[in-house]
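Remarks on the overall topology
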Amino acid sequence: MTRRIPRNRAQRDLDRPPRERFATRTLTADCGDGSCRGRLYLPSATRDPPVVVMGPEIGAEASFGLPAIAERFAAAGYAAFRFDYPGFGDSDGDDQRIDPAGHRRAYAAAVDRVGEVADLGSSVVAYGAGFAAAHALWVAGERRAVDAAMAITPILDGGAYLRRRGIGPFVRAVGTGVRGRIGDAIPGGVTGGRTVPIAGDPETRAVIAAPGAKRAYLDLVDRDSAWRNETPAGSLLAIARTDLGDRLADVRVPTLVLAGADDALAPAESVESAADRLPRGTYVRLPADHWSIYGADFEPAIGHQLAFLTDVFED
């Protein structure tokens, strides 16, 4: 059974829907390089519901903040499937490598898998927050099975994301990524096995390095998780080479784009510019930052997400 009290600091004060309003079970998808596992939430009072497919934030597990969101979707009559990428959480492997191409394949596999579940409807929503929004939008543009998408505080251009640190930190981060990738390719190489923090202080080469970001990120970590605050250094290079900008025009389904006015990682102006390039985008700007949508600003954020689902599926 799903735990009723969040096992992280950020969400311990949230109101949770009654457990009787949904059921959960484990679901496994074939991700090509192994199995991706996650938790499927099924509403108790809705037959053949639409399903929201949810991948976790950059470097995170699906238990970091997503259960509270999935519960609210299920309580409102929508199914939700939150899954771990390969190398993270309950999925195969434990290297915690951030591999955008592999994560997109995992998203596609998750979408395909929910289409095989008998007690789900045929409508699918691709959902992602932060860097996961890029994967969700990519799948929405590629898979005919996707009927809508939600991009929450999206990071769509990895190079631009790293460059916001300044040219010096950007060059050092990419250089670290290059050396890590070279070390991975040379057995016994001096840089082989090098890692960087996933969440760190602004002066570090961490994947997420901004004022206050380390504490906010770690506050979402499930305290029963075996997650480690590290990823292979080559992950930085993979992030720098990821840019969804040219693919936005391919996303022709209704899409909610939610920005935080105080988001240092995904500035609202860049998010609004991306939303303008979506053929059927709905842009919402909240007085929130990148992490408060999981905690202090959870209610207004989830309210807009539920209103969007109502507009799409209940007209």
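Coordinates for the structure precede this section.
This write-up is about the structure you can find in this document. (Residues numbered from 1 in each chain as written. Predicted model: local features only at pLDDT ≥ 70, side-chain atom pairs only at ≥ 80, totals over all residues. Heavy atoms only, no water.)

**So, the overall build of the chain**
When helices and strands are tallied, the chain shows nine helices and 12 strands. In the chain, 72% of the contacts between residues at least 6 apart in sequence involve partners at least 24 apart. Split by element, the accessible area of the chain, about 13,100 Å² in all, is 48% carbon and sulfur. Here the chain contributes 38 positive and 42 negative side-chain charges, whose respective centroids are spaced 3 Å apart. (Helix = DSSP H or I, 4+ residues; strand = E, 2+ residues; numbered from the N terminus. Contact = heavy atoms within 4.5 Å. Areas by Shrake-Rupley, 256 points an atom, 1.4 Å probe, with all protein chains shown as cover. Lys, Arg positive; Asp, Glu negative; His and termini not counted. Charge placed at Lys NZ, Arg CZ, Asp CG, Glu CD.)

**Observations regarding the state of the cysteines**
Counting across every chain of the model gives one disulfide. Put simply, C31 and C36 are joined by a disulfide, and their sulfur atoms are 1.9 Å apart. (Disulfide = S-S within 2.5 Å.)

**Looking at the packing of aromatic side chains**
One pass over the full model with this rule turns up 10 aromatic pairs. Judged by centre distance (5.8 Å) and plane angle (75°), the ring pair of F73 and Y127 falls under edge-to-face. You can see F73 sitting in helix α1 (residues 66-75) and its partner Y127 sitting in strand β5 (residues 124-129), a full 54 residues away along the chain. In this structure, F73 and Y127 share a single accessibility class: buried. (Phe/Tyr/Trp six-rings, centres within 6.5 Å; stacked < 30°, edge-to-face > 60°. Buried < 20%, exposed > 50% of the residue type's maximum accessible area, 1.4 Å probe, protein only.)

**Quick word on the pairing of strand β6 (residues 146-152)**
Counting buried positions over the seven residues of β6 gives six, a clear majority of the element. Pairing geometry for β5 and β6, over six bridges, is parallel. Across the sheet, the residue bridging to V124 is V146, located in β6. Bridge count for β6 against strand β11 (residues 255-260) is four bridges, and the pairing is parallel. Residue pairing across strands places I152 opposite L258, the latter belonging to β11. (Pairing = 2+ DSSP bridges.)

**Section: empty space enclosed by the protein**
Going through the model one piece at a time under the given rule, you end up with four cavities of 30 Å³ or more. Approximately 50 Å³ is the volume found for the largest cavity. Taken together, P56, E57, A60, E61, F64, Y217, L220 and W291 make up the lining of the largest cavity. Taken together, the residues of the lining of the largest cavity break down into six nonpolar, no polar and two charged. By volume, the second largest cavity amounts to about 40 Å³. Along the walls of the second largest cavity sit I69, Y127, I152, I293, Y294, F298, A301, I302 and Q305, which together make up its complete lining. Sorting elements by how many residues they give to the lining of the second largest cavity places helix α9 (residues 298-313) first, with four residues. (1 Å grid on protein atoms, 1.4 Å probe; cavity = no way out; pocket = protein on both sides within 12 Å on 5 of 7 lines; lining within 4 Å. Points joined across faces, edges and corners; volume = space filled by probe spheres on them. Nonpolar A, V, L, I, M, F, W, Y, C, P; charged D, E, K, R; others polar.)

**What to know about helix α3 (residues 132-142)**
In terms of burial, α3 is a largely internal element, nine of the 11 residues being buried. Every buried residue of α3 is accounted for by A132, A133, A134, H135, A136, L137, W138, V139 and A140. The inward-facing, buried residues of α3 contact β3 (51-55), α2 (100-114), β5, β6 and β11.

**Topic: the pairing of strand β12 (residues 281-286)**
Pairing analysis gives six bridges linking β11 to β12, with the strands arranged parallel. Paired with V257 across the two strands is Y283, which belongs to β12. The parallel pair β11 and β12 is bridged by helix α8 (residues 268-276), and the resulting crossover is right-handed. (Right-handed = clockwise from strand over helix to strand, strands pointing away.)

**Points about the nonpolar core**
In terms of nonpolar packing, the biggest core is built from 104 residues, with M54, I69, F73, Y127, M150, I208 and L309 touching the most fellow members. Counting residues per element, this core draws most heavily on α3, at eight residues. When sequence neighbours within four positions are dropped, the list of residues in contact with L309 reads V52, F73, Y78, V125, M150 and E314. (Core = buried A, V, L, I, M, F, W, Y, C linked by side-chain atoms within 4.5 Å.)

**Thoughts on the environment of R7**
In this fold, R7 is placed in the segment before β1 (22-30). Relative accessible area serves as the criterion here: at 25%, R7 is assigned to the partly exposed category. Distance in space between the C-alpha atoms of R7 and D222 is 5.0 Å, their sequence separation being 215 residues. The contacts of R7, once residues within four sequence positions are left out, are V221, D222, R223 and D224.

**Details of a positive patch on the surface**
Residues R172, R179, R194 and R205 make up a contiguous surface patch of positive charge. Owing to a relative accessible area of 43%, R172 belongs among the partly exposed residues under this scheme. (Patch = residues over 30% accessible without salt bridge, like charges linked within 9 Å, V, L, I, M, F, W, Y side chains within 5 Å. Salt bridge = Lys/Arg side-chain N within 4 Å of Asp/Glu carboxyl O.)

**Looking at the environment of S225**
Mapped onto the elements of the fold, S225 is located in the loop between α6 (213-218) and β10 (231-232). On the accessibility criterion, S225 (23% relative accessible area) is partly exposed. Put simply, S225 and A238 are 13 residues apart on the chain and 25 Å apart in space, counted from C-alpha to C-alpha. Not counting the four nearest positions on each side in its chain, S225 is found in contact with E61 and F64. Only 2.8 Å separates the side chain of S225 from the side chain of E61, close enough to count as a polar contact. Polar side-chain contacts of S225 include one of 2.9 Å to the backbone nitrogen of W227. (Polar contact = N/O pair within 3.5 Å; in protein donor to acceptor, adjacent residues only side chain to side chain.)

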